[in-house]
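Descriptive analysis of the structure
This is what each chain is made of:
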Amino acid sequence: MDQEIIFTNHCKTRMQQRGVPKRVVFLLRKFGKSFNTHESKKFFCNKKIINRLNKNIKTRKKIKNFTKHLLSTAIVCNGNVCITVMKINENKRLRWN
């Protein structure tokens, strides 16, 4: 990976509960759109980002098996520390629980 990400115990638990592979967290961090929330950042992907990544052959291979996860998952990071992983529901709103 380009940048090392430290997973908190809370993050590891949420990843296991929600069935999110570690690779998805790295891909969201690298290619996802981010916005600031207090001292941390939320990262997510939408269809526009996925379509742009699919146009490039190198990134297409990287995201090939994870498109479903990328579209339905968001992460919260503080620097290199991944704090939590959450699912995005059908209304495209971030769900905290």
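For clarity, every value in this text was computed on a predicted model and none was experimentally measured.

Quick notes on the rules
- Residues numbered from 1 in each chain as written.
- Predicted model: local features only at pLDDT ≥ 70, side-chain atom pairs only at ≥ 80, totals over all residues.
- Heavy atoms only, no water.
- Disulfide = S-S within 2.5 Å.
- Buried < 20%, exposed > 50% of the residue type's maximum accessible area, 1.4 Å probe, protein only.
- Helix = DSSP H or I, 4+ residues; strand = E, 2+ residues; numbered from the N terminus.
- Pairing = 2+ DSSP bridges.
- Polar contact = N/O pair within 3.5 Å; in protein donor to acceptor, adjacent residues only side chain to side chain.
- Contact = heavy atoms within 4.5 Å.

Moving on to the state of the cysteines. Each disulfide is one covalent bond, formed between the sulfur atoms of two cysteines. All chains considered together, the criterion is met by 0 disulfides. Cysteine Cys11 shares no disulfide, and the gap to the nearest cysteine sulfur, in Cys82, comes to 3.3 Å. Residue classification places Cys11 among the buried positions, given a relative accessible area of 0%. No disulfide involves Cys77; its sulfur sits 4.2 Å from that of Cys82, the nearest cysteine.

Turning our eyes to something else, we now look at the environment of Asn9. Positionally, Asn9 belongs in helix α1 (residues 9–18). According to the relative accessible area criterion, Asn9 is exposed, its value standing at 60%. Considered as a pair, Asn9 and Cys82 are 73 residues apart in the sequence and their alpha carbons are 9.6 Å apart.

As paired strands, strand β2 (residues 33–37) and strand β3 (residues 40–44) are joined by 5 bridges and run antiparallel to one another. Of the residues in β3, the one forming a bridge with Asn36 is Lys41. From the end of β2 to the start of β3, which pair antiparallel, there are 2 residues, and His38 there has a positive phi angle of about 55°.

You can see Thr73 is positioned in strand β4 (residues 73–78). When its relative accessible area of 0% is taken as the criterion, Thr73 is described as buried. There is a polar contact of 2.7 Å between the side chain of Thr73 and the backbone oxygen of His69. With near-sequence residues (within four places) excluded, Thr73 lies in contact with Val20, Leu28, Phe43, Phe44, Val85, Met86, Lys87 and Ile88.

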